[in-house]
Amino acid sequence: MSATLIAALAGGLAPATAASAAPAAPTATTGPATPAAPAPDMDGVTAALNAAMANGAPGAMARFTGPDGVRTRTAGVRDRVSGEAMDTRARFRIGSVSKTFSSVVLLQLVDEGRLELDAPVNRYLPVLLPDDRITVRHLLTLRSGLADYTEAMFAKTVPGFEAVRDRVFTYQELIDLSLAEPRTTEPGVAYKYSNANFVVVGLLIEKATGTAVAQQYEQRIIEPLKLRHTSYVHPETRIKGRHVRGYLHPDGEGAPLVDSTEQTASWAQSAGAVISDPADLNTFTTALMRGRLLSPRMLDAMTTVTPTDATQTRFYGLGLRRYDLSCGTEVYGHTGTVQGFYTYAFATRDGRRALSAMANTSNRGAANTALGGTLEAAFCGKKTTPAASPTKAPRTLSTLPAEADLPERR
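Throughout this description, residue numbers start from 1 for each chain and increase along the sequence as written. Predicted model: local features are reported for residues with pLDDT of at least 70 only, side-chain atom pairs are reported and counted for 80 or more only, and whole-chain, interface and lining totals are derived from all residues. Hydrogens and water are ignored here; the side-chain numbers use all heavy atoms of the structure.

It is worth spelling out the pairing of strand 10 (residues 321-324) at this point. Within a regular strand, side chains alternate between the sheet's two faces. Burial classification: accessible surface area is computed with a 1.4 Å probe over protein chains only, and a residue below 20% of its type maximum counts as buried, one above 50% as exposed, and the rest as partly exposed. Comment: elements are numbered from the N terminus, with helices defined as DSSP H or I runs of at least four residues and strands as E runs of at least two. Where burial is concerned, the two faces of strand 10 agree: the one with Arg-321 and Tyr-323 and the one with Arg-322 and Asp-324 are both buried. Turn length for the strand 9 (residues 314-316)-strand 10 hairpin, with the two strands adjacent in sequence and antiparallel, is four residues, and the turn residue Gly-319 shows positive phi of about 65°. Two strands are counted as paired when DSSP detects at least two bridges linking them. Of the pairings in the sheet, the one linking strand 10 to strand 11 (residues 330-338) comprises four bridges and is antiparallel in character. Bridge pairing links Asp-324 to Glu-330 in strand 11. A loop of five residues connects strand 10 with strand 11, the two strands running antiparallel in sequence, and Gly-328 in this loop sits at a positive phi of about 95°.

This paragraph deals with the confidence of the model for the chain. Fine structural detail should not be taken from predicted coordinates in areas where pLDDT scores are low. Chain-level pLDDT for the chain is 91 on average; 88% of the residues reach the 70-or-more range. Here residues 387-397 is a poorly scored stretch, pLDDT under 50, and it has 12 contacts once near neighbours within four places are set aside; other chains count. What pLDDT conveys is the predictor's confidence in a given residue, as a value from 0 to 100. In this analysis, two residues are considered to be in contact whenever any of their non-hydrogen atoms come within 4.5 Å of each other.

Tracing the chain through its elements places Arg-242 in the loop between helix 10 (213-225) and strand 5 (247-248). A sequence separation of 153 residues divides Arg-242 from Arg-89, and the C-alpha atoms of the two residues are 7.5 Å apart.

Throughout, nonpolar core names a set of buried Ala, Val, Leu, Ile, Met, Phe, Trp, Tyr and Cys residues whose side chains join them through atoms within 4.5 Å. Membership of the largest hydrophobic core comes to 81 residues, with the highest contact counts inside it found for Leu-106, Val-121, Leu-204, Trp-267 and Leu-288. Among the elements that take part in this core, helix 9 (residues 196-209) stands out by supplying eight residues, more than any other. Every residue in contact with Val-121, bar those within four places of it in the chain, is listed here: Leu-129, Ile-134, Thr-135, Val-136, Leu-139, Val-200 and Leu-204. The next biggest cluster of nonpolar side chains, apart from the first, holds 28 residues, and it includes Tyr-342, Leu-355, Ala-359 and Ala-377.

Only a pair of cysteine sulfur atoms within 2.5 Å counts as a disulfide in this structure description. All chains considered together, the criterion is met by one disulfide. What pairs with Cys-327 in a disulfide is Cys-380, and their sulfur atoms sit 2.1 Å apart. Because the sign of the S-S torsion sets the handedness, a value of about -70° for the bond joining Cys-327 and Cys-380 places this disulfide among the left-handed ones. In this pair, Cys-327 is assigned in the loop between strand 10 and strand 11 and Cys-380 in helix 14 (residues 373-380), connecting sequence segments 53 residues apart.

Before going further, it helps to spend a moment on empty space enclosed by the protein. Cavities and pockets were defined on a 1 Å grid built from protein atoms only: a cavity is a group of points that admits a 1.4 Å probe but offers it no way out, a pocket is an open group of points flanked by protein on both sides within 12 Å along at least five of seven lines, and a lining residue is one with an atom within 4 Å of any such point. Grid points are joined across faces, edges and corners, and a volume is the space filled by probe spheres set on the points. Inspection of the entire model under this criterion finds two cavities of 30 Å³ or more. Around the largest cavity sit Phe-154, Thr-157, Leu-248, Thr-337, Gln-339, Ser-362, Asn-363, Leu-406, Pro-407 and Glu-408, which together line it. In the scheme used here, Gly and all other residues not listed as nonpolar or charged are polar, with Ala, Val, Leu, Ile, Met, Phe, Trp, Tyr, Cys and Pro taken as nonpolar and Asp, Glu, Lys and Arg as charged. Across the lining of the largest cavity, the residue classes tally to four nonpolar, five polar and one charged. Taken together, Val-97, Thr-100, Phe-284, Thr-285, Leu-288, Leu-320, Gly-333, His-334 and Ala-345 form the lining of the second largest cavity. Of all the secondary-structure elements, those providing two or more residues to the lining of the second largest cavity are helix 11 (278-289) and strand 11. It is helix 11 that contributes the most residues to the lining of the second largest cavity, three residues altogether. Of the residues assigned to the lining of the second largest cavity, the class counts are five nonpolar, four polar and no charged.

Salt bridge, as used here: a side-chain nitrogen of Lys or Arg that lies within 4 Å of a carboxyl oxygen of Asp or Glu. One pass over the full model with this rule turns up 24 salt bridges. Lys-382 is the salt-bridge partner of Asp-41, the closest N and O atoms lying 3.1 Å from each other. Pair noted here: Asp-41 is in the loop between strand 1 (17-22) and helix 2 (42-54) and Lys-382 is in the segment after helix 14, with a separation of 341 residues, a long-range link. Judged by relative accessible area, Asp-41 falls into the buried class, the value being 6%. Take Lys-382: its relative accessible area is 55%, and that puts it in the exposed class. Note that Glu-162 and Arg-165 form a salt bridge whose closest N and O atoms lie 3.0 Å from each other. Overall, Glu-162 belongs to the partly exposed group, its relative accessible area being 39%. Among the charged side chains, a network of salt bridges with common partners joins Asp-131, Arg-133, Arg-183 and Glu-186.

Within the span of helix 8 (residues 171-179), buried status applies to Tyr-171, Leu-174, Ile-175 and Ser-178. For helix 8, the angular spread of buried residues about the axis comes to 100°, placing them on one side. In this structure, the buried residues of helix 8 make contact with helix 6 (150-153), helix 9 and helix 10. Note: the arc covers the axis-to-C-beta directions of the helix.

Strand order in the open sheet made by the three strands is 6-5-14, with mixed pairing throughout. Pairing within the sheet leaves two strands with one partner each, and these edge strands are strand 6 (258-259) and strand 14 (361-362). One ladder, built from two bridges, connects strand 5 with strand 14; its direction is parallel. Each residue of the ladder has a partner; that of Tyr-247, found in strand 14, is Thr-361.

Right under this line is the structure:
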């Protein structure tokens, strides 16, 4: 989202905002000097948060980390009843950012020789899938052709959510829901977002290790990185400690928001049931990009991407998105949607800069798109008008709608 558009969206708005900055410990670097990155445009980040609120979010927040320290911005409230202000120390449901956690665990298992990326899934989970051509890699790249069961589950947003809010599914039940729908593509042919892929990934992890996904997240990611506010509590419904309350927009215009904070998230599990906070998300994405979680071979595989649309600015690797921003910066991470929460968690490939942003609403695509404006502002800085060049025109990007990790009815 360009700074001009962000400013236009924010113009005339006056939601409560807060700002803070804290120094970070210096990080040792080696090798050739890295070109100076643009300073984050934190006014632009604030404008994006305000724009998310103007489009229906009760509150929003962002946390940026870089060589010069930590910067945070907040807008609105984290609880509509109490009126408590948004707080970057509060936890929330990160939705499909969980897919990157699941991918890290599975790629570690590949490095340990317990799985092979290009082996059929049915080698490890016999007769689970109706097509022996579907490989482990197809799951991670969202190219298996397995239908997304959430399309039917949430065809009517609030009734669909209330039907599963307290329900506990098995992996097999979710896979059966997917297999009851027509396949979307032949294996490996085309990218098609489907949560079913990462449900199968969770089942693969548990089959290969003999332990629950929660234990694998804990041992392989949460404990090594000291992510003190990150957890996988399925099927517990509460978010313990200081947290943000999530608000779901009904499909009908003018209908009241639904507090969707408490739920099992069992419909998502290894595709989207992790809880975290902005600091932990920044730690996770920077550690991943710096090679602290994966071998160079697996990190190269994870960051090898293919386009997901015709703009040639959005790509998908192995449980990882890449966005190419207007300034030429490439950022890696994931978006997340779960009822009541939109999340962005991205870092540069060298892991020197990271941003996490959240708005406490969902089923409101305009709010999600506005929140995505934090990426351009944080990683590209303030926009300037480039001098005319006879040989190279400046690159421009139109504002693209946010990618939907769940069905968007509004």
